[in-house]
Amino acid sequence: MLADVVVIGAGFTGLSAALDLALAGHKVIVLEAAEVGAGASGRNGGLVCSGWRQDQAWFEKTLGLEAAQALWQIAEDAKADLVGRASSLGIDIDWAPGLLSLAHARSTLAWLDDDAALLSARYGQGGVLTRLDRADVAEATGTSVYHGGWRDDGAGRIQPLKLLYGLADTATAAGATIHERSRVVSLGGRSAGRTAVTTDCGAEVRALDVLVCGDAYLEGVCAPAEARVMPIGSFVVATEPLDPALGIMAGASGGMDTRFVVNYFQKTADGRLIFGGGEKYTPGWPGDIAGFVRGNLGKVFPALKDVHLTHAWAGAVGITPQRLPWLREISPGVLVSAGYSGQGVALAPYFGRLLAQAVINRSGFADVLGKLPVPAFPGGRLLRWPLLTAALNWYALRDRLA
Ligand SMILES: Cc1cc2nc3c(=O)[nH]c(=O)nc-3n(C[C@H](O)[C@H](O)[C@H](O)COP(=O)(O)OP(=O)(O)OC[C@H]3O[C@@H](n4cnc5c(N)ncnc54)[C@H](O)[C@@H]3O)c2cc1C
């Protein structure tokens, strides 16, 4: 079979790219190993964060002020595009602004203060950032475990599955074809300007361009991406709809704390708390995910320690060594975007659009994004697990000692 573009993976990145490509008249085939929503895009906490996993001070020091400001603007554009595009496509994503960054220790409150001062002074964020002291946080969230924090009204939360299904529907309506239960098992060589893509049921598609959008779920298909993007297990629960009298998240749409193993949460449109907490750095999920997360939930929200949990699930977050996404044309006609390192709700749909633009304009990624330093994890595919596990467990221990 022939296609203009094959997209591997039906998450935010892949479907967003497929939609723009189909609208531009390209024949697009999306190959999805499981089903739409099986990856991180259907399992995440829905927090729409500002900026990147590295703070702006790190970018200024590492890449210089000009690159830092360009990157900040890209992340701002990604958030605006998420909300604006959903609205113009008629996809209701339950967007609500008002995201809290919460300090679990005095030292991290000082870091949040410094970060907010820099964002106000050099990135024009003074109008959307509000300082909260301990009592303000308790009033907004219903928990008094945090030392204080900041509210960002340029960030917020969405219902991610609504976005994902909306993208799938509009991409299909625009002419893209999505094949579920079609795992790509090999990317072949290039001949006559086309790359051969083979699936586990033996189908072969020969495409002018291949977009590799499998992020943390890629396995054995694209070695350069898999060397840079590690899957980290993250675990989420949903409570039953909460009694408003509990005052949980009465004054904000979502929040996350400053722990290395971050706790993150949002109040859904139907009054539940979605709470993510706990990570796992070795393959395989815990047998009792609800039990695994409940401990953290009870520590952060003591009023919810015995609440009824209606759902519990796990997903793989794709992280890179520097926590920066990797956007590249790795060989002629083979493009990758992955490794959003926990910030993909805003970034992945936008990066999907950048992939589509690169194909439509035959432009590559010459700007700051194409130059982000994203090395491979040390140790190769086999040794990276023990090395990374040791490093990440050390940081997790520091959380517990803070
Ligand atoms: C539990 C959890 C909570 C998170 N919370 C947040 C949050 O609150 N805010 C935030 O910004 N980010 C969050 N993230 C991260 C965010 O969800 C991801 O960065 C983003 O969804 C990545 O989108 P993607 O399309 O690149 O990958 P995915 O959504 O993972 O999609 C990749 C798809 O590729 C498919 N695939 C893989 N290999 C193949 C193959 N060989 N053939 C065919 N198909 C293949 C997979 O089945 C999958 O469906 C969270 C992630 C998790 C797991």
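Take unusual backbone geometry next. Excluding glycine, most residues fall at negative phi; most peptide bonds, likewise, are trans. The residue Arg181 is not glycine, and still its phi comes out positive at about 45°. Exposure remark for Arg181: the relative accessible area of 54% places this residue in the exposed category. The backbone of Arg362 shows a phi angle near 50°, a positive value even though the residue is not glycine.

Moving on, we come to the domain arrangement of the protein. Along its sequence, the protein is organised into domain 1 (1–95 + 158–229 + 320–371) and domain 2 (102–153 + 230–319 + 390–402). A C-alpha centroid distance of 26 Å is found between domain 1 and domain 2. Counting residues at the interface gives 29 residues for domain 1 and 27 residues for domain 2. One can count 1 salt bridge joining domain 1 with domain 2. Arg122 is paired through a salt bridge with Glu60; the nearest N and O atoms lie 2.5 Å apart. Linking domain 1 to domain 2 there are 12 residue pairs in polar contact (both at pLDDT 80 or more). Elements represented by at least two residues in the side of domain 1 that touches domain 2 include exactly helix H2 (56–63) and helix H3 (65–89). Counting residues per element, the side of domain 1 that touches domain 2 draws most heavily on H3, which supplies 5 residues. When the residues that make up the side of domain 1 that touches domain 2 are grouped by side-chain class, the tally is 12 nonpolar, 9 polar and 8 charged.

This paragraph deals with the site of the ligand. The full set close to the ligand counts 38 residues, and Thr13, Glu32, Ser41, Leu47 and Val184 are the nearest of them. One of the side-chain nitrogen or oxygen atoms of Glu32 is found 2.6 Å away from an oxygen atom of the ligand. Between the ligand and the protein, one listed contact pairs an oxygen atom with a backbone N or O atom of Gly344 at 3.1 Å. For the ligand, whose free accessible area comes to 1,000 Å², the fraction covered by protein is 98%. Sorting the residues of the shell around the ligand by element identifies helix H1 (12–23), strand E11 (230–239), strand E15 (309–319) and helix H9 (344–361) as the ones contributing at least two each.

Rules used in this analysis
Residues numbered from 1 in each chain as written. Predicted model: local features only at pLDDT ≥ 70, side-chain atom pairs only at ≥ 80, totals over all residues. Heavy atoms only, no water. Buried < 20%, exposed > 50% of the residue type's maximum accessible area, 1.4 Å probe, protein only. Domains from an automatic or database assignment. Contact = heavy atoms within 4.5 Å. Salt bridge = Lys/Arg side-chain N within 4 Å of Asp/Glu carboxyl O. Polar contact = N/O pair within 3.5 Å; in protein donor to acceptor, adjacent residues only side chain to side chain. Helix = DSSP H or I, 4+ residues; strand = E, 2+ residues; numbered from the N terminus. Nonpolar A, V, L, I, M, F, W, Y, C, P; charged D, E, K, R; others polar. Near = heavy atom within 4 Å. Areas by Shrake-Rupley, 256 points an atom, 1.4 Å probe, with all protein chains shown as cover.

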